[in-house]
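Tertiary structure, described
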Amino acid sequence: MQHDYYTSKKRLLTLIVAAIFLFLVIFLRLAYIQVIWGKELQAKAGNQWQRDLPIKAYRGDITDTNGNLIATTETGYGVYARPKSVVDAESCAKALAEILDMDYAKLLEKLTKKGVSEVTIKRQIDSAQASEIRSRNLHGVYLAAEGLRSYVYGDFLSQVLGFVSYDGVGQTGLEAYYDKYLQGINGELLTETDLVGSELADGSMSYVPAINGLTVTLTIDAVIQTIVENVLQLAMYQQKPQAARCIVLDVTTGEILAMASKPSVDLNNLPRDNLEYLMKYSKNTLLTDVYEPGSTFKVLTAAACLEEYRRGNPKAFSAEHIFGNSSGIRIIDGSKISCWTKHANGKHSNQNLSDALNNSCNPIFTDIALSLGKSTMYEYLDKFGYGSVTGIDFSGEQAGILVPKTSVTNGDLARIGFGQTIAVTALQLCMATASAVNGGLLMQPYLVKEISDPTTGKVVKRFSPTVVNRTVSAETSAQIASMLKRVVDEGGGKNAKIEGYQVGGKTGTAQKFVDGALATGKYVSSFIGFFPASSPKYLALMIVDEPEGQSYGSIVAAPYAALVFQEIINYKNISPLE
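Computed from a predicted model, the values in this text were never measured in an experiment.

**With respect to the environment of Glu567**
In this fold, Glu567 is placed in helix H19 (residues 558-572). Given a relative accessible area of 38%, Glu567 falls into the partly exposed group. Remark: the alpha-carbon pair of Glu567 and Ile224, spanning 343 residues in sequence, is separated by 8.1 Å.

Take a look at the structure:
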């Protein structure tokens, strides 16, 4: 009997302990749900009883260096529907089809769709259409204000600005590169619904405002950009080329003041249904495509020669050195290299380096490259930025094409000396030439000056000039600038001369490669120039791709660079130098 008593007591104790343990587990579980998991569950519950309508942030403005508006966001509207709140789907679909010029059957399918809380009817409608939808009082159909990207001048600066998707996301150009600053943060409108998703008549509504994007201020000067685009249009009309391109920059800072290519696209009317055309003419070929620079590249060879002589390199030539062999022909590894002229009547004989630049004599630059040797020449190629990207704030930049140093033959090196057997981007050529005349500093180019908050005016991010490296000494740079001034005063660049102003520059004419072979009759004609030559500030590269008729850069490209310079002089009210 006593044994049964103790057995029962033991069982009771076990039962109590088990109950306490079970209670403790339940208590801890409830504590976890309320304290740790509570916020997540509360959010899930809210989502089950709420429907949100997106409020799109307005994309930030883009302005030129002087604050002139280039790209902005106007008010557009998005049309949305909640199928479970639609009262008369057929009447609603009919009305929307009429207002929005959309297919009735597709609209009806959207408005009666099962298993979804919300559907998008149409994005980016105008205010007149929005007003008409409001007047119809269509139950279950909602309007949300959203930004409609607008470009003030249409096809102005189009390859640099780029464009956005229908959803307002940057796709190309600066719109893509600086998308995180421009896009802003979306808001939302929350409304309470019942279990099946219909709005509650007495339900509450909450509003989370959108935060608009930041303002991006460019280094581009809209006036200089307009000058360039007008001159390019003139070149397209007169020369009838495949394309015409131009870059204008400040050689002292690396700021890009203008950058344009023709043909271009209208950013307010993009040919989205013709992707091949869109991508071809919206691409910024000035930094994505490469070409043989031809004689414009001789500036590097001349600078390397003078700098090496200044350093005491016995294989370099002084500025006064007279080059022999005036035949105008060099035979390198069994291959003939000729000058553009036949050197009849002793023409181009007894030339020094300045004469060689003035006359654009290929054989002399062949002599210089071979004398300096591939190690020294490749050292300068690297210093001047060839074979690597410039680091500009833009996606898709190419590094150019160099024959690997270990594979370079004497024939390759000879041709590199005068701008063949090397492919560069237009931007690389600009930055390298700028460094040759600005005192010897290779600058990093940039397109954006600052990013600011339009509400407070506070600058969020500011960009400033960046020196990549020193290419040549200030003394060598001054010599090169002086020699290139002579090219414009007396030589092949004379069509870029502006009376009363010191302009320097170099022409170039390069045969194009098509499918890996030289194309007969297809040339890239160019001129790269700067002013004032005694203290360079503005540099312009003008490229005319496959002009009809004459192909020499001196005839086809130089006059248009002169037009650009003359208009900059007028705009900036620059006085002639004494």
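**Here's the deal with the state of the cysteines**
A complete count under the given rule lists 0 disulfides for this structure. The thiol sulfur of Cys246 is not disulfide-bonded, and the nearest other cysteine sulfur, from Cys430, lies at 8.0 Å.

**Things to note about the pairing of strand E10 (residues 256-262)**
Buried residues dominate E10, accounting for 7 of its 7 residues. Linking two consecutive strands that pair antiparallel, namely strand E9 (residues 243-250) and E10, is a turn of 5 residues; a positive phi of about 90° is found at Gly254 within it.

**A look at the packing of helix H3 (residues 89-100) against helix H4 (residues 104-111)**
Running from N to C, H3 and H4 point in directions that differ by 135°, and their axes come no closer than 9 Å. By the criterion of interaxial angle, the relationship of H3 to H4 is oblique. Note that H3 runs across H4; the crossing there is right-handed. Taken together, the residues of H4 that come into contact with H3 (itself represented by Ala89, Glu90, Cys92, Ala93, Lys94, Leu96 and Ala97) are Tyr104, Leu107, Leu108 and Leu111. When grouped by side-chain class, the residues that make up the contact of H3 with H4 number 9 nonpolar, no polar and 2 charged.

**As for the layout of surface pockets**
Where empty space is left can be seen by rolling a probe of water-molecule size over the atoms. The calculated volume of the second largest pocket comes to roughly 640 Å³. Along the wall of the second largest pocket there are 27 residues; nearest its centre are Arg245, Thr285, Asp289, Lys512 and Asp545. Broken down by element, the residue count for the lining of the second largest pocket peaks at 4 residues, all from strand E19 (residues 504-514). A breakdown of the residues in the lining of the second largest pocket according to their chemical character gives 14 nonpolar, 5 polar and 8 charged.

**Considerations on the confidence of the model for the chain**
Of the residues in the chain, 87% have a pLDDT of 70 or more, and the chain-wide mean is 88. Counted against residues more than four places away or in other chains, residues 44-51, with its pLDDT under 50, gives 18 contacts.

Conventions and cut-offs
- Residues numbered from 1 in each chain as written.
- Predicted model: local features only at pLDDT ≥ 70, side-chain atom pairs only at ≥ 80, totals over all residues.
- Heavy atoms only, no water.
- Helix = DSSP H or I, 4+ residues; strand = E, 2+ residues; numbered from the N terminus.
- Buried < 20%, exposed > 50% of the residue type's maximum accessible area, 1.4 Å probe, protein only.
- Disulfide = S-S within 2.5 Å.
- Pairing = 2+ DSSP bridges.
- Axes fitted to C-alpha atoms, helices over the stretch in contact; angles between N-to-C directions.
- Parallel < 35°, antiparallel > 145°, perpendicular 65-115°, else oblique.
- Left-handed = near helix turned anticlockwise from the far one by under 90°.
- Contact = heavy atoms within 4.5 Å.
- Nonpolar A, V, L, I, M, F, W, Y, C, P; charged D, E, K, R; others polar.
- 1 Å grid on protein atoms, 1.4 Å probe; cavity = no way out; pocket = protein on both sides within 12 Å on 5 of 7 lines; lining within 4 Å.
- Points joined across faces, edges and corners; volume = space filled by probe spheres on them.
- pLDDT = per-residue confidence, 0-100.

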